[in-house]
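What follows is each chain in one-letter form.
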Amino acid sequence: MSQIHVKTIINGDASEFLCAADETLLDVLRDRLDLTGSKEGCASGDCGACSVTMDGRLVCACLVLGAEADGTEITTIEGMATGENLHPLQQAFLDHAALQCGICTPGFLVAAKSLLERNPDPTEEETRYWLAGNLCRCTGYDKIVRAVLDAAKIMRETA
Amino acid sequence: MQFQSPLSVEDAVAFLADDQNARILSGGTDLLVRLRLGHIAPSKIVDIKKIEGMRSITREDGGFRIGAAVSGAEMNENHDLYLAWPGVVEAAGLIGSTQIQGRATIVGNLCNAGPAADSVPALVAASATARIAGPSGVRDVLVQDIPIAPGQTSLKIGELVTSIFLPAQPVNGSDAYLRFIPRTEMDIAVVGCGVSLKLDSAGTVVQARVALGAVAPTVLLVENAAEILIGTQLDDDALSALAEASSSVANPIDDKRGTIAFRKDVSGVLTCRAAKIAYSRAKGTVK
Amino acid sequence: MPKDEFTPRTFSVVGTRPLRPDGIDKVTGRARYGADISAPGMLTGMVLRSPHAHARICSIDTSVAAAMPGVKAVITRADFPVHPENNGTADVLDNCMADKKALYDGHAVAAVAASSRRAALDALATIKVVYEVLPHVLDVDEAMKLDAPILHKGRKQEGVPADVSDNVLTRTEYGHGDPEIGFQMADLVIERQFKTAATHQGYIEPHSCLATLGSDGQGDLWVCTQGHYMARNTCAEILGLDSGCLRVTPSEIGGGFGGKTTVFLEPTALLLSQKSGRPVKMTMTREEVFRASGPTASTSIDIKIGMTKDGTITAAKGDYRYQNGAYEAMNGTLGAMTGFAPYDLDHVKTVGWDVVTNRPKAAAYRAPGAPMAAFAVESVIDELAYKLGLDPIEVRLKNAAREGTKSAYGPTYPAIGLEATLKAAKSHPHWSAPLGENQGRGVACGFWFNFGGDTCVSLMVNPDGTVSLSEGNPDIGGSRAAMSMMAAEELGIPMERVRTIIADTAALGQNEVTDGSRVTFAVGLATIKAARHAIQIMVERAAMTWGIDPEAVEWVDGAAQPAGPNAGKHPPMSLAEIAAIASNTGGPISGHFEVNAEGAGVSFGTHIADTEVDPETGAVKIIRYTVFQDAGKAVHPSFVEGQLQGGAVQGIGWALNEEYIYGKDGTLQNAGFLDYRIPVASDLPMIDTAILEIPNPGHPYGVRGVGETGIVPPLAAVANSVSRAAGVRMTSLPMSPPKVLAALKKM
């Protein structure tokens, strides 16, 4: 299988890579670009641990081919903090103890950021439904939802 | 395996006609899963997303033409489309998670020909048509004639669906889609029901279409729904008869998602619930 | 059993809620989990798995695979050098790589290491295995019948009668008194049969490891595991290595809950590495996790309980039949021990059966064997209470075990917190909140033993006055923070000055797996003792500096000071000051402690669940949920809350929608998160928690393990709630909508 040349922007940085036709964006991020923050939990779009945004749209990286990323802008968990400054969502997750093992945390943070960009004041129900594609087995979701709602409040106040 | 991103429908058709083991990639939320599981081994993937018009929703003859690469999320963000066909838009919005919504398309959902496809019953109730491009030209076909068996469509070699057309929503008309799943999200429909109604200015049903999903190899039109509902205002007797009609038409299997008895029962229940929603929406537009 | 460790005190660090030290790594994606590592020259390892539930392996031809481009090693069971003497290890090896028979759909039969995933997949496709398909058995009751297909001959142990098949490996009995006498005294006797389906821990991170093993028997293993010492010892035994030559480093772990307390890929990865001369990385796909790691037992349980009109239980009997997949396990025994553990009974008898079937080898899921037993027992108690018109919490209070009660499984209880959780539940607003139409409320209790085990901790005082703590238990719940807190508490310094790491197997002595809710208890105890050891040394250094006797020096608020006016006038020396001159006073300062910890306190919990049932579809919605559990002492209350909430939601999934679904051919039908339905965020409300603190006498701060008990009550709490909402007793889990609707229609 010959390799495809792909040019994208990842977390604001120009990025070029070669990949096989059947490699997913998740494969590329983790195995070629050393961006292991996005996790593989299922490779079938059922767990959300590989959540990234593509041209501003929340997607599962395991359901996008590397080749499809050509000409797009990708953001991953690695692009969420700015230098040493955490995003309010990241800080809220820490403050609320909204993570235990942490494997689902990158996916939740990317997904929650996408939610708040569209809806800065979601209800608890809206938050839960938006995040239904992110599975967590450790927390029972309680502290995660509290963290997202709290971050939303903080972000509205400092906007 | 090769990856191609044609820029025109003609090029896409040529790739497909040339190679019977080529697969179309639109949203990819089904294709990539099968690829990874090793269920398919295509020689070529033809990505249609760079073809002009594939990603647009345009007004046409009072209705809407939805390109084959329009995602569920994009459909849900189109206010006019939602006002006209809330059932279709909601159905598209129920396919998978927010992440799936960011990619999945109703055309892909339709062409996978899965018996439980969420977008199909609502499209069928809406009398939607699919525009097909192929080696012998372009043709329009009712959505309900696309799936012919689980995993099989009526499309010929080299053909692809380039758009779905939703007709103009008549005044005093609306639709609804409901599905039953065991959790609140993320499941494949155990039963799906799309209802489209048109009322007269007094609130009496003058047109009705009811379609069921996940209860037969392909989507089912409940043929006598129109007869049962026309002339009524969805009184209890009409609803009872409607439930009965749905349950008896449903022809499901026992599988890991539901039993025959369960699916038949719930077909009736969902049909009534969806009909009531469509009715109150249609009435909301009564002048 | 040590009962004198606990001393009441006021805490300054323990009981607060500092941010977790591994938090920034985890919220930025920097933390490295099992699959987040690579090594130069690394190969990808992949496993070929049996498509049959039960088959004799007649031959395996790997010759084509071995010759393919990019393939550097191919192995089958024949390549493993050792037949372990220990039955348990032999079973683990057989599970990692089948020998003469494939015992379940997904059982590993061969493996390759190749230069890419694609090359490995292509190689696997060429391996020719000739199977002779055998009849299979999946259900526990079917497997016990004399005409059932047999998995292993001659593994039946003493105590198993002749009228059940060779698939029944053990039969155990517990209890005291004579239930037949007790039943005579009852006003109402209820006898019910229950069934539960197999479930999976559902951790989001699949098993993954990176193995390097040289021909000289020196090796390195990076693995996501709950026990890297277990991984080392098991792999060493299986491969005939000296355990000291195999260095295992635990990665961050993306969930385990008991499912990562054993090995599945690791011996294979090490052997592939040895044969290929290259590092080999192996990661399970999600499908492999479901098919070939360790789900729970499925069960068939009979319960009979007699109660008087005023709610006293006069007699109780239970028969607990559990299938553990294809190899021996203790889940039935544990069910027989735990089901009636919350109650003070004069007449109780339980029998536990452990049976094999053609399913993957069961592993623990939090409290192994207990949730199913609690489901059955608590359902019958609920039904008795309902029929006698009694309050379900009052009934439990009336019969509750207390300090001094002889438990149903044998030992007599020291101070325990069951009554406290029941009283807290009773007075909580949840218990008296009004219910709407089609809604019902269920309450249930649960118990888990908790455990101590082998533990080593090393605490180093650095020259700058900071403290480095090395412990040997992978952190699955925030335990590094808890250890830092306990060390800081004991030393009298801020928690920020203590950094806890999980050391690899070369750095500490043997540590038991992170299981049994043992870490905060046992590693905490060892941490406290190691800190006290360091304090003793620092006291001596201060004494030396002052020229006085060490007996005249005490440690207060993070500093050594003279113990009384007679000791002389010396200003206190802080830890930092003593650390700074350590080299001049005798050398670097560290404390350590090694123990097989005893005195783990049992933990009881009570849960209240409200559900609403849709009478037309059987769909169940969780409306409200509250957890009451005794933690002894909550070192970090947010982390304890997290354990309670997590366990509750796992139990909710187990009660409502999770199950292993098999086809008639014995193959698993739902090996993915689409059709193995764990709860999603929109399925749930907030999970409220109330932490009770009845100190455990066996721990210096009173700590009890909490991680496991949380999964024991929810199956019953939800079942009791649904039964009351629907008006029909549910006796089979999961209570998926088709089953609930069918039960409603039968009424």
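Residues numbered from 1 in each chain as written. Chains lettered and ligands numbered in written order. Predicted model: local features only at pLDDT ≥ 70, side-chain atom pairs only at ≥ 80, totals over all residues. Heavy atoms only, no water.

Caption draft 1: Summary view of the overall build of chain C. Across its full length, chain C holds 21 helices and 27 strands. In terms of its C-alpha atoms, chain C occupies a principal-axis envelope of roughly 85 × 75 × 50 Å. Considering chain C as a whole, with its 747 residues, one finds that 66% of them fall into the buried category. With an accessible surface of roughly 24800 Å², chain C has 51% of that area assigned to carbon and sulfur atoms. Considering chain C, the positive charge centre built from 66 side chains and the negative charge centre built from 82 side chains are found 4 Å apart. (Helix = DSSP H or I, 4+ residues; strand = E, 2+ residues; numbered from the N terminus. Buried < 20%, exposed > 50% of the residue type's maximum accessible area, 1.4 Å probe, protein only. Areas by Shrake-Rupley, 256 points an atom, 1.4 Å probe, with all protein chains shown as cover. Lys, Arg positive; Asp, Glu negative; His and termini not counted. Charge placed at Lys NZ, Arg CZ, Asp CG, Glu CD.)

Caption draft 2: Seen up close, the interface of chain C and chain A. Residue-level contacts link 51 residues of chain C with 43 residues of chain A. Summed over both sides, the interface of chain C with chain A buries roughly 3900 Å², with 58% coming from carbon and sulfur. Contact with chain A buries surface across chain C, with C:Val27, C:Ile204 and C:Met686 losing the most and accounting together for 19% of the total. Note that A:Lys39 is salt-bridged to C:Asp36, the shortest N-O span being 2.6 Å. Seen at the junction of chain C and chain A, the total is 26 residue pairs in polar contact (both at pLDDT 80 or more). Secondary-structure elements contributing two or more residues to the side of chain C that touches chain A are helix H1 (23-28), helix H19 (637-656) and strand S26 (687-692) of chain C. Per element, the largest residue contribution to the side of chain C that touches chain A is nine residues, and it comes from H19(C). Partitioning the side of chain C that touches chain A into residue classes produces 26 nonpolar, 15 polar and 10 charged. (Contact = heavy atoms within 4.5 Å. Buried area = accessible area lost by both parts, 1.4 Å probe. Salt bridge = Lys/Arg side-chain N within 4 Å of Asp/Glu carboxyl O. Polar contact = N/O pair within 3.5 Å; in protein donor to acceptor, adjacent residues only side chain to side chain. Nonpolar A, V, L, I, M, F, W, Y, C, P; charged D, E, K, R; others polar.)

Caption draft 3: Inspection of the domain arrangement of chain C at higher detail. Residues and elements named next belong to chain C. The domain boundaries assigned to chain C delineate domain 1 (43-134 + 207-283), domain 2 (298-450 + 601-745) and domain 3 (452-597). Placing the centre of domain 2 and that of domain 3 at their C-alpha centroids yields a distance of 39 Å. If you look at the interface, domain 2 gives 16 residues, while domain 3 gives 16 residues. A combined buried area of about 1200 Å² lies between domain 2 and domain 3, and 66% of that area is made up of carbon and sulfur atoms. (Domains from an automatic or database assignment.)

Caption draft 4: Quick look at the packing of aromatic side chains. Residues and elements named next belong to chain C. What the rule picks out here adds up to 18 aromatic pairs over all chains. Taking the centre distance of 5.2 Å and the plane angle of 50 degrees together, the rings of Phe-447 and Phe-604 count as tilted. Taken together, the residues span a long stretch of sequence, with Phe-447 in strand S16 (residues 439-448) and Phe-604 in strand S24 (residues 603-613) at a distance of 157 residues. Each member of the pair Phe-447 and Phe-604 is classed as buried. Following the ring pairs from residue to residue traces out a cluster consisting of Tyr-409, Tyr-413, Phe-447, Trp-448, Phe-449 and Phe-604. Geometry around Trp-353 places Arg-171 over its ring, the cationic atom sitting 5.3 Å from the centre. In this structure, Lys-304 packs its charged tip against the face of Phe-183, placed 4.5 Å from the ring centre. (Phe/Tyr/Trp six-rings, centres within 6.5 Å; stacked < 30°, edge-to-face > 60°. Lys NZ or Arg CZ within 6 Å of the ring centre and 35° of its normal.)

Caption draft 5: Broad picture of the sheet that holds strand S11 (residues 173-180) of chain B. Residues and elements named next belong to chain B. Strand order in the open sheet formed by four strands is S11-S12-S13-S14, with antiparallel pairing between adjacent strands. Looking along the sheet, the strands with just one partner apiece sit at the ends: S11 and strand S14 (220-221). Note that strand S12 (residues 191-199) and strand S13 (residues 205-213) share eight bridges and pair antiparallel. Paired with Gly-194 across the two strands is Ala-211, which belongs to S13. (Pairing = 2+ DSSP bridges.)

Caption draft 6: A look at the state of the cysteines. All names here are of chain A. According to the stated counting rule, one finds zero disulfides over all chains in the structure shown. Not engaged in a disulfide, the cysteine Cys-60 finds its nearest cysteine sulfur in Cys-50; these two sulfurs lie 4.1 Å apart. Overall, Cys-60 belongs to the buried group, its relative accessible area being 2%. (Disulfide = S-S within 2.5 Å.)

Caption draft 7: Local environment of the sheet that holds strand S20 (residues 553-556) of chain C. Residues and elements named next belong to chain C. Spatial ordering of the open sheet is given by S20-S21-S22, a layout of three strands whose pairing is antiparallel. At either margin of the open sheet sits one strand with a lone partner, and together these are S20 and strand S22 (573-574). Relative to strand S21 (residues 559-562), S20 runs antiparallel, the two being bridged by four bridges. Counted as the bridge partner of Val-553 is Pro-562 from S21. Relative to the sheet, helix H16 (residues 519-546) contacts S20, S21 and S22, its axis offset from that of S20 by approximately 125 degrees. (Axes fitted to C-alpha atoms, helices over the stretch in contact; angles between N-to-C directions.)

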